[in-house]
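Fold and contact review
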Amino acid sequence: MIQLLTPTHWKDYELIDCGDFEKLERFGNTILIRPEPQAVWSKGMPASEWQRLHHIKFKGRSATAGDWVKKDQKTPDRWHIEYKNNDAAIKFRLGLTSFKHLGIFPEQAVNWDYITQNIKRFKTPQPKVLNLFAYTGGASLIAQAAGADTTHVDSIKQVVTWANENQEISGLSNIRWVVEDALKFVKRELKRGKKYNGIILDPPAYGNGPNGEKWKLEDNINEMMADVMQLLDPEEHFLILNTYSLGFSSVIIENLIKSAFPKVENLEIGELYLQATAGSKLPLGVFGKFHKVKSN
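Only a predicted model underlies this, so the values are computations on that prediction, with no experimental measurement involved.

With that out of the way, let us pick up the sheet that holds strand β9 (residues 128-132). What the eight strands build is an open sheet, ordered β1-β16-β17-β15-β12-β9-β10-β11; its pairing is mixed. If you trace the sheet from one side to the other, it starts and ends with β1 (2-5) and β11 (176-179), each paired once. Taken pair by pair, the neighbouring strands of this sheet meet at an average axis angle of 20 degrees, ignoring direction. Across seven bridges, strand β15 (residues 237-243) lies against strand β17 (residues 281-292) in antiparallel orientation. Paired with L241 across the strands is G288, a residue of β17. Against the sheet, helix α3 (residues 138-145) engages β9, β10 (149-154) and β12 (198-201), with an angle of about 170 degrees to β10. Contacts from helix α7 (residues 250-260) reach β1, β15, β16 (268-275) and β17 within the one sheet, and its direction differs from that of β17 by about 20 degrees.

What follows is the structure, encoded as C-alpha cells:
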C-alpha cells in the first residue's frame, strides 16, 4: 500500500501556506516566500497576509538563480534551527543561497525518524551508516547522533563543508567526509568488501561529480541500486531511497528495490509531503525504505 507521510516532530519549521507556484515557510523565527513548482493550486490565504507575514522573498532571475529581497536589511543571511525527535537532536546552519535553497529539506525529517528508530533497535553496536548524495547532512547528523558510525558522500566540496559546520553546531564529531562521485565511491567500497547496516540515497534528477562525472537519475539509478544492495549487511540493515523527480512514482521505486533485492523484507513505499497550516498538502518526493533486524 502506498503511504503518505509528513513530519510530526518539527518545532522550528512550519509550512504556513502554498499555492500559485510559491510557498510561505517559517524557519525558526524567519518567514520566507520561495518558488514552488508543485504548488499549481490557489493560495489558501490572501496575498495581503503573505505580504504582511514574510521577512524575505526569493525573486528568480533565471531557472537556476535569483535574489533574496528583505523587508528589513537587518534580517540575517544566516541563522540556526534545531530538529529533535524521540531519539536524537541536531542543528542546522541555514543560509540564503543564489539558487533558492537554504541548506535543508524539511520533509526529510520523516526519513530522519526512520533512521533513528532503526539504529536504536539494531543489535549491532555502533552500526555503520552510509549517506549518499548527502547534501548538508541531515541524515548523516541524525545517524551519528543516534549512535552510528557514519560516512557522508557528496560530490560538491562546499556542501560537505556546510555539513561539517552542521556537525560542529550539533555538538557531534567523527563523521567521515568524502567528496566524490557517489557511484564511483560505491564501486570502490564493493571492491574493498565493505558492508553497511544503513544506506541512505537521496539522488538528484541531474548532477555532476567532482571530475565531471554525469548523473542522470533514470539512466544511473538501476546500476546504483544493484551495487548498493551488495554493500548492505545481510543480517541487519535499513535502506532509504528518496527521489524528488516529477517523472518518478513510488511504484517505480518499489520495482527498483525489488529488482535489485528480491528478498527484501518490510518494504514500505510512498510519498512525502508537507502539511500547510492553511490546509494544502505539498508533495515533495517519493520514497522506498526497508529494514531487517537480527532475530537473536
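That covers the picture; the talk isn't over yet.
With that settled, the discussion passes to unusual backbone geometry. One non-glycine residue, K100, lies in positive phi territory at about 70 degrees. Its location among the elements puts K100 in the loop between β8 (89-95) and α2 (109-121). Overall, the relative accessible area of 25% leaves K100 in the partly exposed class. If you check the backbone angles, F133 has positive phi at about 55 degrees while not being a glycine. Structurally, F133 can be placed in the loop between β9 and α3.

Here we take up the pairing of β15. Residues in a regular strand project their side chains so that they alternate between the two faces of the sheet. Burial within β15 is extensive, with seven of its seven residues counted as buried. Here β15 shows two buried faces, one formed by H237, L239, L241 and T243 and the other by F238, I240 and N242. Relative to β15, β12 runs parallel, the two sharing four bridges. Paired with G198 across the strands is F238, a residue of β15.

Examined against the element boundaries, A89 turns out to sit in strand β8. Residue A89 is classed as partly exposed on the basis of its relative accessible area of 29%. Residues A89 and K71 lie 18 residues apart in sequence; the distance between their C-alpha atoms is 32 Å. Setting aside chain neighbours within four positions, we find A89 in contact with E82, Y83, K84 and A145.

So, on to the UniProt feature "domain: S-adenosylmethionine-dependent methyltransferase" (unreviewed entry) in the protein. As recorded in UniProt, the feature "domain: S-adenosylmethionine-dependent methyltransferase" (unreviewed entry) lies at residues 55-210. As a span, residues 55-210 carries 28% helix and 29% strand, and end to end its C-alpha atoms are 36 Å apart.

Assignment of secondary structure puts N85 in the loop between β7 (78-84) and β8. Overall, the relative accessible area of 8% leaves N85 in the buried class. Reaching out from N85, the side chain makes a polar contact with the backbone nitrogen of A88 at a distance of 2.9 Å. Within the structure, N85 has its side chain in polar contact with the side chain of D113 (distance 2.9 Å). In this structure, N85 is in contact with H9, W112, D113, T116 and I142, ignoring residues within four places of it in sequence.

What counts, and where the lines are drawn
- Residues numbered from 1 in each chain as written.
- Predicted model: local features only at pLDDT ≥ 70, side-chain atom pairs only at ≥ 80, totals over all residues.
- Heavy atoms only, no water.
- Pairing = 2+ DSSP bridges.
- Helix = DSSP H or I, 4+ residues; strand = E, 2+ residues; numbered from the N terminus.
- Axes fitted to C-alpha atoms, helices over the stretch in contact; angles between N-to-C directions.
- Contact = heavy atoms within 4.5 Å.
- Buried < 20%, exposed > 50% of the residue type's maximum accessible area, 1.4 Å probe, protein only.
- UniProt positions renumbered as here; feature names shortened; annotations may be inferred.
- Polar contact = N/O pair within 3.5 Å; in protein donor to acceptor, adjacent residues only side chain to side chain.

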